[in-house]
Structures are given as structure tokens and as C-alpha cells.
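# Structural features, examined
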Amino acid sequence: MYKLFINGKTYTAEEDKKLLPFLRDDLHLTAAKDGCSEGVCGTCTVLVDGQKMKACVLSLSKLEGKQILTVEGIPAEEMRVYEHCFAEAGAVQCGFCIPGMIISAKSLLDKNLNPTRSDVKQAIKGNLCRCTGYKKIEDAILMAAEFFREKKPIPPAPKTLHMDEHAKRIDAAEKVNGSGIFADDIAVDGMLYARCVYSRYPRARINRIDISRAEAHPDCVRVLTKADVPCNKIGHIKQDWDVMMGEGDITRYVGNVLAVIATDKKEKLDEIAALVEVDYTELPAVTNPFDALRGDAPLIHPDGNVMSRANLVRGNADEAIKNSKYVVTRKYKTGWQEHGFMEPECCVAMPEGADGLLIYTTSQSVYDVQRECAQMLQIPKEKVHCRAPLVGGGFGGKEDMSVQQYAALMAWATKKPVKVKYSRQESLDYHVKRHPMEMEFTTACDENGILTGMKGIIIADTGAYASLGGPVLHRACTHAAGPYNYQNIDIFGMSVYTSNVVSGAFRGFGVTQSCFATEMNINLLAEMVGIDPWEFRRRNAIKPGDVLPNGQTADPNTNMAACLDAVKEVYYAHPYAGIACGFKNSGTGMGKKDIGRVLLSVEQGKIHIRTSASCMGQGIGQMVLTEICHVTELDPALFVFEAADTVRTPDAGTSTASRQTVMTGEAAHRVGEKLKLALSGGKTIADLEGQEFLGEYSAKTDPLGAIKENPISHVSYSYGAQVIILNEQGRIEKAVSAFDVGTPVNIQSVEGQIEGGMVMGIGYGVTEKFECVDGYPKSRFGTIGFMRATEAPELEVILCQPKEADKLPFSLGAKGCGELCMIPTAPACAHAYYRLDGKFRQSLPLSDTPYRK
């Protein structure tokens, strides 16, 4: 028996266990999150006798008689200050790390109300954040110190809300005070816990699966195998992903599931899973795409090892290159990158009605989950009801199914609520990564440094399944020539199946890889011409009316040149500054169906905003609220933003391809106009009680390779230039971004997205490495190299808006920024190191830096 004092109350525990499951499972105090269970991420931080500690590594036996404080125990008046300051500073994105940050902030401010930024960085050093880049969290803590120190009152909420303003996000408070619900916070009476049994080998024949010992365990409720799956093939785009594998099958990677076990005692999951016995015949794995292309390579899938191809030809690249004064050909290689979102994948599924399912899950589209689970169970989609709790980061990594299908299958089989959650190590080992790519690029220019043509070959390792490998390859190709004005290009790409961990969607979506190659070639061309890299880029920068290398005419809102002008001074001021440019589409494009939707319903005097657009931290709720309020001039307090729900919210498509701000933003703008019209003539909200208004926007684009002079590949593009500044020791001191993302919807959100993207991009370029050796993932969460607050450099964001008359004619001029923000970072880092030591690095992460030897 252990006696503990938590948030001023006395509790007893019968058995020794870690503090975190005691808080979450026994006391239902869920503000402290389980992000890693390894003491690495800090999402479970609590105060113990005033000292910050990590609840996932503390045993109850060591805490007897100590005073423990969680976010739920912070006094209301004090919490209101944190809620205001974190929202005002724009410190809250996905929110999963925030309760831990609040505790670390409190540990500092309880002792020091005059902290420096360095003090704040040190205080939150143990707390990882993957969304913000830390700057705005530091700003929030410094602001809170000022409010406490000077006893400042919380200002009243404004009555209006417009584009291009600083405004507190509507979802900030619940994420700060810990009351917001993520999937793993959901507990249901009678709930079962399930986990998967995975393949021991990347590639092996399964001779026998024996579940008898597992079924005989007294705490085992059910074991499911491939025979229990109505339809065993699912997939986001291509239906090639095996739900489970059975006897006689050949595994495709170590993430293949061979059985799913369920118990009503969570602590027994590993014990029961270990009782599933599998006999294998190990087979040689195919662990790189070049081996997969060999004539004697085994087939990963029956339809061949080439998952997809892309070919983009404009003009005559061979002729242009042959006649050019300067030509550069180089090979480049990029590796995997782990998303590192703070919330591991989790799903709760349960019976609904006589023959339906209700699914709560972390994902980037509830309709994608509905479609794939219904396909697996072979039931009508309407029988699968999906709701979205808060989503703790995504960055593309939550587009594919991960745990949802197994929770749904077990709930369907047992007719009981079921929770399936990846451990952090399972998430690292089995969920998708950024595509490794190997590239050979040839780039040419004339004697004045004007680009004339380029050729490129891209080979991508898509791993064991297609995932988003096709569209990722397309984006890599369509953006490969960069945001420059030349039209002779010839790019060929292949995405190849291997026995490696699956590659899928990741912020930047293939453009990060091809941008690295082109920007590096441009630096060499600038040397050959005898002009500096900034000047070379400025001479070639795409301008309104120019034609992009993919054939699309640049819109009047194109502001690439202004972005370069904005960083000119800082680039020239530092001898070890590196520069790179990038651009990124908004919207699915490529001739694909792409629709954003927002439904407004007036219910009991409030206007409910209903859209399925998934928020993984980027601020969907604030975005649609701002677009609507900007048009209607209504008080934001009149609105209620509903979570995505396949029954209540219309399908607004997947949160991917930087599309929601443009697509669903324009839908919000249009429904706002409808509401404004309905309120004309002196009508009030009360007069509209019970009415509904639907806003919808569909973008028309052309497919890759369309036979027309100037195809429209995407509905809009964002542009940017980035500068990375090193000190003499090779440490990154500062990162500066000048971006054209149109009209900012919410200034803090835009800046915060860009700041977070810069730090993630520095990770991709310099500090992070995910390793998969011979088909076996080898990385741990604490050793990948995610940047912490004490390592993150100074960040500066410059927003380069087009002139009012030139802005995008929809979404009130707003364009996407969530992916662009990390695309130029790695090549800018590489260029900075080249200027420091003269070494031309051709692979990522960069070698021979103070961060990675």
C-alpha cells in the first residue's frame, strides 16, 4: 500500500507501478500524456515537491509521502494566465506537449519571475515539441512571467476577427489546461486493450501460426488472425496493404501483422502476445530499390517492384543543355526521416447500434478511416461512424491507417469497446517515413547565369507498401526544377517497392528531396558563372506571367522575387550564411478531385461550424472561423467549432498537400457570404434558428502530362527563400525565412508553422537520422536527433504579401504554408557549411558537422 498526495488530495495504491499509468488509468488525470514511456519527450512532466520530473519513469514506491502536482492541480487564476499567454503568443499548435510545457514553465516561474530567454530554454530542455520550433513557447513563458510579476489583468476577448491579425486560437485553452481529449485519453466501461503480433523478419515465409497458448491465457479475451478479416487488402490510394498475413504468405516488412490479441487487463498485453508462436523460413530481404530493380530480384508484390512512375517533359532539355555555356551534373542521396509527432497513434473503436461501429482516432481524415475500415469489414460506409478527438501532430504521418483497422476489427469481432495504441517504439518501427531518394540531376545555364534546362532521374524507396508513394513521386518531379523561369526540363522518376519500412506522406511531400538536388546544383553554377548564389537566384526567380518549368503560368500573386529581396541583407551580412529557395503547391491538383466543404448550422442561438478538415495542430478551427468572421463581422463568441465527425461534418478531404487553407478556407469564405446575406435586412441569429448553410469549393486542375501549352497542375503555389547562418564553430546561430503565403489568416499561426518547419528542416538536414538496416528499423526516440529548445537557433520569419490587387482570388488571398516552411532548409544548411569549410555535401543528413560526425 502506497500513500500519495496528488493535487492536494490523498490517494492510495495497492501495487507499485509507474506514476503515469496511475495518474491516467487509475485517477483519470489525463493532462500528463504518454508520448514515449522512456523519459525522453517530457509530455508527462509533473512537479514532485516543486521539482519537475517525468511521470513515466517514476515508481509509486519512490513517491510515498511526496507532493505531486499535475496541470489539473494548478489554481484556476494561475491557469488563466497560462491560457491567455500561450494563446496570445501562438504557442499552441497540436497541444500534446503543452501540459508538460506548462509544468516546466511553472517550475521556473515559481522561483524566478524575471527569467531570460536562456533561462526559459533551460527550463523546457526536457520537453520536446515537434510543431512550434520552441520560439513561441518561450515567448509565452516570458509573457506569463510578466503577467505574474506585474499582476496584469487578462484583457477581454475582441468582438471582431479579421484576416492578417494576431488572434488567440479557439482551441488553445483546452490544450493548455489539459481538458482537451486525445484518443488515448478516452476510457470506456468494459473496454478491451489490443495489440498486434508483428513479423520477426522483413521477408520470410510463414509456415505456421499457433495461437493456442495465447488463447489459453486466463486474461486473453480473443485472438484474431488473417482468417478473421473479411477483406484483407486496404490502402490510402492503392489497395495493396495487408491487414494481416497468414500461413503460407511471405512477409513484406517487419511491420506485417500476424495476429491481434485482446485482453481486459492492459498490463497483460505483452505477456499474451509473446505466447503466439510463429514458425518461419527466413528469405533474403530486398533492402534497396536498385536491388529491387534487378532481373533476378524477388517480387515484393505480384504486380512488380516498380510501384509507380512519373515523367515530366517540357521543351527540349537535351538541346538546351548541349547549347549551354555551363552544365553541372551531380548525384544526391537523402534518407528516411521520422515524423516524430508527440502523440503516438491510438484508436478506440466500439459497437454503435445493432450493426455499426463508432471509431475515435488520431488521423488526418475521418472519412479516410471510415472508407478503409468499411472496406476491411465489407460493410456499408454509413455503418462506420468516425469521430476525431484532438490530434497530437501529423505532418503526413497519420494519413495511412496504423492502428485503426485493428481496433475496428477487434471491436467488430468481440462487440466490445477496444483500444489499440502504438508504443513509441512500435510507432518508430512500423509507421511510414519520409521517402529516401537517390537522384542524378543535370542543370545548365548561359554565360549570364540564366537557367536554360535541366534533366533529372529520381529513384524513391517506397518500402513494403504504396502508401502515398505515387503522389509523393509526382510532387518531387513537378517541383524538381525549382521556382525559376525556364522551360526545358526532362524528369523521370520511379517509386520502388522494397522490404524496408514503408515510406509515405511527410511535410514537403517529395519536394524536400528534389529541392535539395536542384539548389545544390545552382550553387555550383553560380560559381562557374562568377556571380554569388543570391544574385543567381534573383536573376532566375519566377515572376507573375512567367512560365514555371512544369508549364504552369505564374499567377499575379507570385512573389518569389520579394522573398529573395527580403533576405538579401542578412545573407550578405554573414560569411557563413547559406541560401536556398523553394515552392510548394496548395491543393491535391494534378487533375484529381479536390473539394473543401464547410456547413454552418444555427442551433440554440449559436452558429456551429462543421467541417471534417482534420486539425493536427495547424489551426483549422481558427482558420475557418477567421474566414467567416472576416466576411460577416460577427462576434467570434457566437460560433462553436465542432470536431470532425462523419455524421455531423461534411467531407472536406484529407488534411494533406497544404490544401485546407485554400480549399476549405474558400468554402468557409463562401458559406460566410451566404450567412451574411441571410442576416441582411435586419435579421438576427435568432431569426435563423434551425437553418443550415453549406459552403463548397472545388478546384479544377490538369493531370500530369496534359497535352496543352500551359497546364494548371495546382490551384496555387507558395514561395520562399531561407537563410541559415553558422558561427565559426559550425553551429547554426540563426534561421531566417521570407515566405509568400498570401494573406496570413492568423499571424501567430503562420509564423508558428514556419518556425516549426524551419527547426524540422534543420533536423532533416543536419541533426536527425532514422536508420533501417537490412530491413530492420534501428532507431530509438531519444537518439534520432530531434532538436531541443536549447539547441534551436534564433528564428526570424518575414511574410512577403503580394499587392492587394494581385492576391489569390479565393480563400481571401490565403495560401498554404505548412509544407513550404521546411523545403529550402536542408539545402540552405548545406550551402552554409560549404561556405564554412569548402566541402560539397551530396547526401542528407549532412556529415562532418558539429551535430553529426
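Being a predicted model, the structure only gives us computed values, none of them experimental.

## Considering the sheet that holds strand β4 (residues 51-54)
Pairing is mixed across the open sheet formed by five strands, whose spatial order is β2-β1-β5-β3-β4. A single partner strand is all that each edge strand has here, and the edge strands are β2 (9-13) and β4. Averaged over neighbouring strand pairs, the angle between their axes works out to 40° when direction is ignored. Relative to strand β5 (residues 67-69), strand β3 (residues 45-48) runs antiparallel, the two being bridged by two bridges. Looking at β5, one finds that Val48 is bridged to Ile68. The sheet contacts of helix α3 (residues 98-109) involve β3, β4 and β5, and relative to β3 the element is tilted by about 35°.

## Some words on the pattern of salt bridges
Applying the stated criterion across every chain, the model contains 65 salt bridges. Where Glu796 meets Lys734, a salt bridge forms, and the shortest distance between an N and an O atom there is 3.0 Å. Highlighted residues: Glu796 in strand β31 (residues 794-799) and Lys734 in strand β28 (residues 732-740), separated in sequence by 62 residues. The salt bridge involving Asp740 is made with Lys815; its shortest N-O contact spans 2.9 Å. Of the two residues, Asp740 sits in strand β28 while Lys815 sits in the loop between β31 and α21 (825-837), which places them 75 residues apart along the sequence.

## Structural notes on the packing of helix α16 (residues 533-540) against helix α17 (residues 560-573)
At a minimum axis separation of 10 Å, α16 and α17 run at an interaxial angle of 170°. One finds that α16 runs roughly antiparallel with respect to α17. Mapping the contact onto sequence places Pro533, Trp534, Glu535, Arg537 and Arg538 in α16 and Ala561, Leu564, Asp565, Val567, Lys568, Tyr571 and Tyr572 in α17. Taken together, the residues of the contact of α16 with α17 sort by class into seven nonpolar, no polar and five charged.

## Overview of the state of the cysteines
Evaluated as defined, the whole model comprises zero disulfides. Cys346 takes part in no disulfide bond, and the closest cysteine sulfur to it belongs to Cys347, at a distance of 7.1 Å. You can call Cys346 buried: its relative accessible area is 1%.

## What to know about the side chain of Asp240
The residue Asp240 is located in the loop between β9 (233-234) and β10 (241-242) in this model. One buried charged residue, Asp240, forms no salt bridge at all, with the nearest opposite charge on Lys238 at 4.8 Å. Of note is the side chain of Asp240, whose polar atom sits 2.7 Å from the side chain of Tyr497. Every residue in contact with Asp240, bar those within four places of it in the chain, is listed here: Lys233, Ile234, His301, Tyr465, Ala466 and Tyr497.

## Re α17
Helix length check: α17, at 14 residues, gives a terminal C-alpha distance of 21 Å against a target of 20 Å (1.5 Å per residue), a fit within 8%. At Val567, α17 shows its largest bend, some 40°. Every buried residue belonging to α17 is among Met560, Ala561, Cys563, Leu564, Val567, Val570 and Tyr571, and all of these are buried. Elements that come into contact with the buried residues of α17 comprise α16, β22 (577-586), β27 (716-726), β28 and α21.

## Things to note about the pairing of strand β20 (residues 451-463)
Burial of β20 is extensive: eleven of the 13 residues sit out of reach of the surface. Across nine bridges, strand β19 (residues 437-445) lies against β20 in antiparallel orientation. Residue pairing for β20: Phe441 is matched across the bridge by Gly456. Between β19 and β20, which pair antiparallel and follow one another directly, the connecting turn spans five residues, one of which, Gly449, has a positive phi of 85°. In terms of handedness, the path from β20 via helix α14 (residues 469-478) over to strand β21 (residues 489-497) forms a crossover that is right-handed.

## Here's the deal with unusual backbone geometry
Looking along the chain, the bond that leaves Leu844 and enters Pro845 is cis, with omega of -5°. The topology assignment puts Pro845 in the segment after β32 (843-844). Unusually for a residue other than glycine, Tyr134 sits at a positive phi of about 80°. Examined against the element boundaries, Tyr134 turns out to sit in the loop between α4 (117-123) and α5 (135-150). The backbone of Ser811 shows a phi angle near 50°, a positive value even though the residue is not glycine.

## Considerations on helix α11 (residues 366-377)
Taking 1.5 Å of rise per residue, the twelve residues of α11 would be expected to cover 16 Å, and the 16 Å separating its terminal C-alpha atoms lies within 8% of that figure. Burial runs high along α11: ten of the twelve residues are buried. Three or more residues of α11 are buried, namely Val366, Tyr367, Asp368, Val369, Gln370, Glu372, Cys373, Ala374, Met376 and Leu377. Along its buried surface, α11 packs onto β9, β16 (356-361), β17 (384-387) and α12 (404-414). Residue Ser365 occupies the N-cap position of α11, its side-chain oxygen lying 3.3 Å from the main-chain nitrogen of Tyr367. Positive backbone phi, approximately 55°, marks Gln378, located one or two places after α11.

## Observations concerning the sheet that holds strand β15 (residues 346-352)
The seven strands lie next to each other as β8-β11-β6-β18-β15-β16-β17, forming an open sheet whose pairing is mixed. Bordering the open sheet on either side are β8 (220-224) and β17, each of which pairs with just one other strand. Sheet twist, expressed as the mean angle between neighbouring strand axes with direction ignored, is 25°. The pairing of β8 with strand β11 (residues 257-263) spans four bridges and is antiparallel. From the neighbouring strand, Cys220 faces β11, where its bridge partner is Thr263.

## Digging into the packing of aromatic side chains
Using the criterion set out here, one finds 18 aromatic pairs in the structure. Measuring from centroid to centroid gives 5.1 Å for Phe96 and Phe182, while their planes differ by 90°, and the two rings are edge-to-face. With Phe96 in the loop between α2 (76-89) and α3 and Phe182 in the loop between α6 (172-176) and β6 (192-198), the pair connects residues that are 86 residues apart, well separated along the chain. Across the pair, Phe182 and Phe96 agree in class, each one buried. A network of ring pairs unites the aromatic residues Tyr332, Phe516, Tyr834 and Phe840 as a single cluster. Looking at Lys152, its charged tip hangs above the ring of Phe147, at a distance of 5.5 Å from the centre. Over the ring of Phe506 we find Arg434, and its NZ or CZ is 4.0 Å from the ring centre.

Rules of the game
- Residues numbered from 1 in each chain as written.
- Predicted model: local features only at pLDDT ≥ 70, side-chain atom pairs only at ≥ 80, totals over all residues.
- Heavy atoms only, no water.
- Pairing = 2+ DSSP bridges.
- Helix = DSSP H or I, 4+ residues; strand = E, 2+ residues; numbered from the N terminus.
- Axes fitted to C-alpha atoms, helices over the stretch in contact; angles between N-to-C directions.
- Contact = heavy atoms within 4.5 Å.
- Salt bridge = Lys/Arg side-chain N within 4 Å of Asp/Glu carboxyl O.
- Parallel < 35°, antiparallel > 145°, perpendicular 65-115°, else oblique.
- Nonpolar A, V, L, I, M, F, W, Y, C, P; charged D, E, K, R; others polar.
- Disulfide = S-S within 2.5 Å.
- Buried < 20%, exposed > 50% of the residue type's maximum accessible area, 1.4 Å probe, protein only.
- Lys, Arg positive; Asp, Glu negative; His and termini not counted.
- Polar contact = N/O pair within 3.5 Å; in protein donor to acceptor, adjacent residues only side chain to side chain.
- Expected span 1.5 Å × (residues − 1).
- Bend = angle between axes of the 7 residues up to and from the residue.
- Right-handed = clockwise from strand over helix to strand, strands pointing away.
- Phe/Tyr/Trp six-rings, centres within 6.5 Å; stacked < 30°, edge-to-face > 60°.
- Lys NZ or Arg CZ within 6 Å of the ring centre and 35° of its normal.

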